[in-house]
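Chain residues, written in single-letter form:
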Amino acid sequence: MGLVKKEGLVIGSLGKEEVKQFYQKAFGKPPARIVRAPGRLELLGNHTDYNGGLVMALAVDKYIYIAASPRNDGQIELVTTSFPERDTFYLDKIEKNPATAWANYTKGVLLKLRARGVHFTGFNAAIHGTIPFGAGLSSSAALEMATALIVRELFPYRLGENSLELPPKREADHLPALSPTEKLRIAKVGQAAENDFVGVKCGLLDQISSLFGKSGQVIQIDCLSNSVQNDPMPPGVAIVVADSAVKHELSAGDYNELRAQCESAARKLGVQFLRFINPPALEKNKSKLTEREYQCAYHIVGENQRVVFGERALREGDVTQFGQYLFQSHASSRDYFHNSTPQLDTLVEIAQGLKTCFGARLTGGGFGGATINLVRQDAADEFVRLLSDEYFARTKIKIQPWVAQIVDGAG
Ligand code: GLA
């Protein structure tokens, strides 16, 4: 697994109008429907989701758009602005195609929807993304959620607990908004697609965030009950995203390995999830674990605590204290969980030295990608400049940090 240097790729900021035009060019007609699903930033709570834990996230203004129309010959044809290859396949033969690995997220969702009883015929779809690849903003979950929603637009369905419920009816050309329960079921379809078809044993953080985002609000998820709450982000804070522009290529394998360590630690500690372990219990039972299991458990137990404390700090509008938990979270990733990289550490170290930064940490799975920085709003431009200049001075890598807006979830 080598390190690959990335170009800090952002695939244009085109939006709905542009995906429409791209569809028209690719298929010779305007699309019947368009949806979009945002990427997410993990604010605090690293790898806690599949450990039944607590996590805070933000849906941000980078999206996957899909424009589509139904067709009747049982074929699905996908095009994307990100890669040159088209993918055409029959409904009854949805398989991986090594030339179009990007389509796996869509195919996985189609298979899982069908397994849930959702009926659809063929369709043409044009996919366009403004979420930078490999930055840890989960373009994959956004693509999964956009796929589930475009199928709903073309062939309306409503997922019940185990079977289907009566499909929603369009009023004034719009389907009714998804209920929280339906959103959660759709999020689970995306997670199942990623676990079983793509092969990443992810939790539900990314899919939930893409669906449950609210403008200006933090998404708080309790992954034991999958309950979701939105709370306001205190005013005066800018969210700066800094893509380190370096990522490990085989991060799926690394990710699954971390999950396996956490699960094996939980088993040896006699609990279903590490969520049920507090710091004294971990120390008391340290001898039951391998060194690696202990390190992973230490990170998760600490992250859950930091989210509890962080929630309180946010509620009190104490961004300075909240920011400290971000720095601590990063240190724990670096020193215990080992899902950071030297470049992410450099970004956080630089940020920590800048007076206008409240807190910074890696965001998402790790092994490269981006840091999230909470910065005094009136100093955001200056922070972006100082961070990128100093990062260049130390690594010779040019980056373009950007200020993210917190947006509504997919629709
Ligand atoms: C990735 C996964 C999520 C979550 C984060 C780490 O984004 O897809 O389920 O585990 O990493 O918190």
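Residues numbered from 1 in each chain as written. Predicted model: local features only at pLDDT ≥ 70, side-chain atom pairs only at ≥ 80, totals over all residues. Heavy atoms only, no water.

**Notes on the environment of Y336**
Point 1. Of note, Y336 is situated in helix α9 (residues 319-337).
Point 2. Overall, the relative accessible area of 28% leaves Y336 in the partly exposed class.
Point 3. Setting aside chain neighbours within four positions, we find Y336 in contact with R292, Q295, Y298, H299 and A331. (Helix = DSSP H or I, 4+ residues; strand = E, 2+ residues; numbered from the N terminus. Buried < 20%, exposed > 50% of the residue type's maximum accessible area, 1.4 Å probe, protein only. Contact = heavy atoms within 4.5 Å.)

**Some words on the domain arrangement of the protein chain**
Point 1. Partitioning the protein chain into structural domains gives domain 1 (16-43 + 56-217) and domain 2 (232-404).
Point 2. Across the boundary between the two partners, domain 1 contributes 21 residues, which contact 26 residues of domain 2.
Point 3. Three residues, E42, L43 and M56, lead the burial of domain 1 against domain 2; their summed loss comes to 33% of the area buried on that side.
Point 4. At the boundary of domain 1 and domain 2, one finds 1 salt bridge.
Point 5. In this structure, the salt-bridge partner of R361 is E42, at a minimum N-O distance of 2.5 Å.
Point 6. Summed over the shared surface of domain 1 and domain 2, the result is 11 residue pairs in polar contact (both at pLDDT 80 or more).
Point 7. If you list the elements that add at least two residues to the side of domain 1 that touches domain 2, you get β2 (33-44) and β3 (54-71).
Point 8. When residues in the side of domain 1 that touches domain 2 are grouped by element, the largest group, 5 residues, is from β3.
Point 9. Class assignment of the residues belonging to the side of domain 1 that touches domain 2 gives a composition of 10 nonpolar, 6 polar and 5 charged. (Domains from an automatic or database assignment. Buried area = accessible area lost by both parts, 1.4 Å probe. Salt bridge = Lys/Arg side-chain N within 4 Å of Asp/Glu carboxyl O. Polar contact = N/O pair within 3.5 Å; in protein donor to acceptor, adjacent residues only side chain to side chain. Nonpolar A, V, L, I, M, F, W, Y, C, P; charged D, E, K, R; others polar.)

**Here we look at helix α1 (residues 16-27)**
Point 1. Helix length check: α1 (12 residues) gives 16 Å between terminal C-alpha atoms against 16 Å at 1.5 Å per residue, within 8%.
Point 2. Among the residues making up α1, those that are buried are V19, Y23, A26 and F27. One face of α1 carries all of its buried residues, which in axial projection span an arc of 75 degrees.
Point 3. Immediately beyond the C-terminal end of α1, within one or two residues, lies G28, with a positive phi of roughly 75 degrees. (Expected span 1.5 Å × (residues − 1). Arc of directions from axis to C-beta.)

**Regarding the layout of surface pockets**
With a probe scaled to a water molecule rolled over the atoms, the places where space remains empty come into view.
Point 1. Within this model, the second largest pocket holds a volume of roughly 620 Å³.
Point 2. For the second largest pocket, the lining is made up of 29 residues, of which A177, L178, K183, A410 and G411 are closest to its centre.
Point 3. Contributions of two or more residues to the lining of the second largest pocket are made by β2, α3 (139-154), α4 (180-198), α5 (205-212) and β10 (227-232).
Point 4. Here the lining of the second largest pocket is built from residues that sort into 13 nonpolar, 7 polar and 9 charged. (1 Å grid on protein atoms, 1.4 Å probe; cavity = no way out; pocket = protein on both sides within 12 Å on 5 of 7 lines; lining within 4 Å. Points joined across faces, edges and corners; volume = space filled by probe spheres on them.)

**Side note on the site of the ligand**
Point 1. Taken together, 13 residues are adjacent to the ligand, and E42, H47, D49, D206 and Y255 come closest.
Point 2. Taking E42, its side chain carries an N or O atom lying 2.4 Å from an oxygen atom of the ligand.
Point 3. Between G365 and the ligand, the recorded distance is 3.3 Å, taken from a backbone N or O atom to an oxygen atom.
Point 4. Coverage of the ligand by the protein amounts to 94% of the 310 Å² it exposes when considered alone.
Point 5. If you count residues domain by domain, the shell around the ligand takes at least three from each of domain 1 (16-43 + 56-217) and domain 2 (232-404). (Near = heavy atom within 4 Å. Areas by Shrake-Rupley, 256 points an atom, 1.4 Å probe, with all protein chains shown as cover.)

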